[in-house]
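Coordinates in review
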Amino acid sequence: MKQIILIAVCMLMTLAGYGQQVLAVKKNDAQSLLAIIQQANEINAAADAKRLYVIIPDGFYDLGKTVLTQITGHNIAFIGQSMEGTVIQNAPDPENEGISKTAVLQNRGTGNYFQDLTLKNALDYYACGAAGRAVTLHDKGTQTICNRVRLLSYQDTYYSDNVSCQHYFVDSEIHGTVDFICGAGDVWFERCRIVTEKRTQDGSDHNVIAAPRTSKTVWGYIFNNCTIENMVSKFHYARAWHTVPRCTWLHTKLLTPEKLMPTRFEEQGIRTVEVDFKEYQTVDAEGNDITPKSNVVTFLYEDERKALETIMTDKEAKQFTPGHIFRKWNPVKLQQQIERESQKIMKRLTE
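By convention here, each chain's residues receive numbers from 1 onward along its written sequence. Only residues with pLDDT of at least 70 are given local features in this predicted model, and only at 80 or more are side-chain atom pairs given and counted; all residues enter the totals for whole chains, interfaces and linings. Side-chain metrics rest on all non-hydrogen atoms present in the structure, leaving aside hydrogens and water.

1. Quick notes on the pattern of salt bridges
Where charged atoms from two side chains of opposite charge come close, those side chains can pair. Salt bridges are counted wherever a side-chain nitrogen of Lys or Arg sits within 4 Å of a carboxyl oxygen of Asp or Glu. As enumerated under the stated definition, the model contains 15 salt bridges in all. Residue R133 is joined to E97 by a salt bridge in which the shortest nitrogen-to-oxygen separation is 2.8 Å. Here E97 lies in the loop between strand 7 (86-90) and strand 8 (105-107) and R133 lies in the loop between strand 9 (113-121) and strand 10 (137-139), a separation of 36 residues in the sequence. Here the term buried applies to any residue with accessible area under 20% of the maximum for its type, exposed to any over 50%, and partly exposed to those in between, with areas from a 1.4 Å probe on protein chains only. Take E97: its relative accessible area is 13%, and that puts it in the buried class. In this structure, R193 and E173 form a salt bridge, with 2.8 Å as the shortest nitrogen-oxygen distance. Taken together, the residues span a long stretch of sequence, with R193 in strand 17 (residues 193-196) and E173 in strand 14 (residues 173-176) at a distance of 20 residues. R193 sits in the partly exposed class, given a relative accessible area of 31%. With a relative accessible area of 7%, E173 lands in the buried category. Here the residues in one salt-bridge network are D116, R148 and E339, joined through shared partners. Helix and strand definitions follow DSSP, with helices as H or I runs of at least four residues and strands as E runs of at least two, each counted in order from the N terminus.

2. Some remarks on the side chain of T272
Considering the arrangement of structural elements, one finds T272 in the loop between strand 23 (253-254) and strand 24 (276-280). N or O atoms within 3.5 Å of each other form a polar contact, as long as, within protein, one can give a hydrogen and the other can take it, and as long as residues adjacent in sequence are counted only when both atoms are side-chain atoms. One polar contact links the side chain of T272 to the main-chain amide nitrogen of E274, over a distance of 3.0 Å. The contact partners of T272, leaving out residues within four places of it in the chain, are A240, W241, H242, T243, P245, L300 and Y301. Between two residues, a contact is recorded if the distance between any of their heavy atoms is within 4.5 Å.

3. Considerations on the confidence of the model for the chain
Averaged over every residue, the pLDDT of the chain is 94; residues scoring 70 or more account for 94%. Predictor confidence is given residue by residue as pLDDT, running from a minimum of 0 to a maximum of 100. Predicted confidence in the chain is weakest over strand 1 (residues 13-14), with a mean pLDDT of 57, and strongest over strand 11 (residues 144-152), with 99. Below a pLDDT of 50 lies the segment residues 5-11, which in the model reaches 16 contacts outside its immediate sequence neighbourhood of four places, other chains included.

4. Thoughts on the nonpolar core
Take the buried Ala, Val, Leu, Ile, Met, Phe, Trp, Tyr and Cys residues and link them wherever side-chain atoms come within 4.5 Å; each set so joined is a nonpolar core. One finds V54, F169, I181, F189, I194, I209 and F223 to be the most contacted residues of the largest nonpolar core, which totals 56 residues. If one sorts the elements of this core by residue count, helix 1 (residues 30-43) sits on top with five residues. If we ignore the near neighbours within four places in the chain, the residues touching I194 are I174, F180, I181, I209, F223, T227, I228 and E229. Counting 24 residues, the second-largest nonpolar core is a separate cluster that includes V22, M312, I338 and I345.

This is the structure:
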């Protein structure tokens, strides 16, 4: 890939012939990145602001111990050069671990977009003892799209922290150990790679991928055509956080199906048994359907018990389409449109 021509100072430019507003980050310069995020927040402070593009070339952007870098602007597209080559990382102190204290980025805007980049939280997870909550993207906004975004951490890697939010992931990759996709709202994960890391240094204990706490929305977390890659520890699809958590796995490919725990979903919830957990047409690495005909799980919380059939019927599965779930927002069309525009910008910057 051609090297992006960079501007060394934070300045707004309009690409001739295209009309997009573009900010370019200086390669390998974390301070340039932080300054441009702040500038983008100011330029796009209004909810109806025109789409603004922030271009981030391949490089390592080391934020050190900086946490909760806020994106408060709206309709900002953060475009990296490649998912594995554009890396934004922080490394909080282990004593400061916490789901609301450690994030690399905290999004508070509407309509923001991330493409071709990695967010890594390098908190020393195994040195934190019983908890090592280290968030990469803490999303308090709504209508966020992540396209080819890699999120690297262990516990609480991705946190959707808005009870009414709608978000969309496509062709992305999320790593973690316990509750590493957690939070509220309706979030669709399309063709994502879900990687379960070692729960402990010796690989003992088991992982939990998702911990939803759905309350104000109808659908919760939906994983469609995703692949689960298991490193060492066994895993559950999900467990309950609180309120009425919802989580659905459609057409999932398990590379190591023998590592999925027998109940598939963890029985012991956190503060609730009122779950809606489902699975449909799971396959192995060769594409063989390995979905059980029935999987009744008795969910537990203190003295409460609730038995639930977790295998979805064909009729139930037909409800799950992005168009049906996101009635007033079309993230599929919008993602394709922004990707086309970002390709034009990249081409223009490398001419």
